[in-house]
Structures are given as C-alpha cells and as structure tokens.
Amino acid sequence: MLNDKLHSYIEELIPGREPLFIEMENYAKENKVPIMELVGIEALLQLLRIQDSKKILEVGTAIGYSALRMAEALPKASIVTIERDLERIQVAEEYMGRSKHGEQILLIKGDALEVEELVKGQAPYDTIFVDAAKGQYKKFFEIYSKYLKSDGIIITDNVLFKGLVTESEIESKRIRNLVKKIDGFNQWLMNHPDYHTVILPVGDGIAISKKKR
Ligand code: SAH
Ligand code: MG
C-alpha cells in the first residue's frame, strides 16, 4: 500500500525466517496460495505479541503459513484454525507435521459457516483472525465474535482488496460484487456499536477491532 520503494525497504529490513517458512512462501508463490504478505504478517504478529494472545482462532488456514508463524511468535499460544479446501488441508497438515510449532495448532476441517460447535468447544479466544472468503466476512464476524474474550481483538485481513475498494469502474461483475461486499463490511464494521475499529493499510489492508468497554 505504501509506495513500492518504501515497501521493499521495510521488507528488506525484516530478518530471515526458518527454512520451513521460506519453503512455504515459495510453495505459496508457485501455487498461487494467497498467504499473508511479509509486512502484513509481521504487523499481525506484533499485535498478537502486544495482546499476549494465548488462544487464537484463525478462519482460513490455507497451507498453515500464518498459523505456524503465529505459533512460532507466541510459543505459549494455542491456535485453532479452520480450512475447507481438501488439498490445502493436506498440504497444511504436512507442514504442521514437519514443524516444531505444529503441536500448538488444532486444524478444524470444514466450512467456517458450519463448524461453530467445534470452535465453541475451544472458546473463548483472545484473538480472532479472519482471512477467508471475503464475501462472507460479516457472517464470520457475527458467528465468531461471540467467542471472543471481553478484552479480545478481531483482526480481519484483505479489507482493502488490492486497492479495489476505491475503484469505481471494474469490468468483472464477480469482482465488482465482491468489492461491494467488502466495502459494505468495512462500513458496517467501522460503525459497529460494540467495537472500536481501525483499518491499517499494510499488506492487503487489515482491520483491527477491539470490544468497547
Ligand atoms: N491465513 C493464511 C491464508 C488464507 S487464504 C495465511 O496467511 O497463511 C484463505 C483460505 O480460506 C483459503 O485457503 C480458503 O480455502 C479458505 N476459506 C475461504 N472460505 C472459507 C470458509 N468459509 N471456511 C473455511 N475456509 C475457507
Ligand atoms: Mg489474506
């Protein structure tokens, strides 16, 4: 979101990562898996450190990259993560099996709109991280915010959708509808009576919501 030069500058300042993470980043690139980009995930991890999260719910595991990075950054935390795509589940399980942080993670296989009971069984959560189908963000928020601790935070990824939220002329009807939904979600969230929310233009745009007291 910053200009490219500044973005590269920040990216280059980020220290190296475990070889397995580099392997996962390469896998994601080659197979077009939309894992969080570097500056975005660093911002997320820092928020979780400040929050001192012990119990995290993630909606949208993909190959387990963000889940494993969260597990590494917060060795005392346990992470419940949901994924519905069978191929990605398989890849995620393989990486989690190979990683020393894998034991902190519980992978729930299924559609996030249908596994509420399983997620509830592990509640409450200090942090909820939503990074799944953008058209369903409001539903995810409504279902899972019930299981957030009173001092918890909800972080939602991709709320600026590659900058498309400000684009008025989009040819693809599918993308146009998606943009409308994201914009609707952002408006709804920013005006939610129970939460303070800020949108940060890092990565693909993250919204940070904190329950009002
Ligand atoms: N958080 C991951 C990236 C997630 S990509 C990372 O940064 O490493 C989004 C993932 O959400 C995709 O793998 C997609 O299959 C999954 N997803 C989308 N909608 C979902 C739903 N309703 N239930 C479960 N998973 C979903
Ligand atoms: Mg994302």
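A brief report on the enclosed structure follows. Keep in mind it's a predicted model, so treat the numbers as computed, not measured.

**Remarks on the side chain of K55**
Positionally, K55 belongs in strand β1 (residues 55-59). No salt bridge is formed by the buried K55, whose closest oppositely charged neighbour, D126, lies at an N-O distance of 8.6 Å. Not counting the four nearest positions on each side in its chain, K55 is found in contact with S78, V80, Q122, P124, Y125, D126 and T127.

**Some details on the coordination of the magnesium ion (ligand 2)**
At this site the magnesium ion (ligand 2) is bound by D131 (OD), D157 (OD) and N158 (OD1), with donor distances of 2.0 to 2.2 Å. Taken in chain order, the donor set of the magnesium ion (ligand 2) reads D-x25-D-N. Taken together, the residues D131 in the loop between β4 (125-130) and α7 (137-144) and N158 in the loop between β5 (148-157) and α8 (173-190) connect sequence positions 27 residues apart. By relative accessible area, which is 14% here, D131 ends up buried.

**Some details on the site of ligand 1**
Close to ligand 1 lie 21 residues; M36, S66, E83, A112 and D131 are nearest. One nitrogen or oxygen atom from the side chain of S66 is found 2.9 Å from a nitrogen atom belonging to ligand 1. Within the side chain of D111, one N or O atom sits 3.1 Å away from a nitrogen atom of ligand 1. Summarising the interface, the protein chains cover 94% of the accessible area of ligand 1, which totals 590 Å² for the free molecule. Its atoms largely coinciding with the cavity grid, ligand 1 occupies the largest pocket. The residue inventory of the shell around ligand 1, partitioned by class, reads 9 nonpolar, 5 polar and 7 charged.

Conventions we followed
Residues numbered from 1 in each chain as written. Chains lettered and ligands numbered in written order. Predicted model: local features only at pLDDT ≥ 70, side-chain atom pairs only at ≥ 80, totals over all residues. Heavy atoms only, no water. Helix = DSSP H or I, 4+ residues; strand = E, 2+ residues; numbered from the N terminus. Buried < 20%, exposed > 50% of the residue type's maximum accessible area, 1.4 Å probe, protein only. Lys, Arg positive; Asp, Glu negative; His and termini not counted. Salt bridge = Lys/Arg side-chain N within 4 Å of Asp/Glu carboxyl O. Contact = heavy atoms within 4.5 Å. Donors = N, O, S within 2.8 Å, 3.2 Å for Na, K, Ca; no water. Near = heavy atom within 4 Å. Polar contact = N/O pair within 3.5 Å; in protein donor to acceptor, adjacent residues only side chain to side chain. Areas by Shrake-Rupley, 256 points an atom, 1.4 Å probe, with all protein chains shown as cover. 1 Å grid on protein atoms, 1.4 Å probe; cavity = no way out; pocket = protein on both sides within 12 Å on 5 of 7 lines; lining within 4 Å. Sits in = over half its atoms within 2 Å of the grid points. Nonpolar A, V, L, I, M, F, W, Y, C, P; charged D, E, K, R; others polar.

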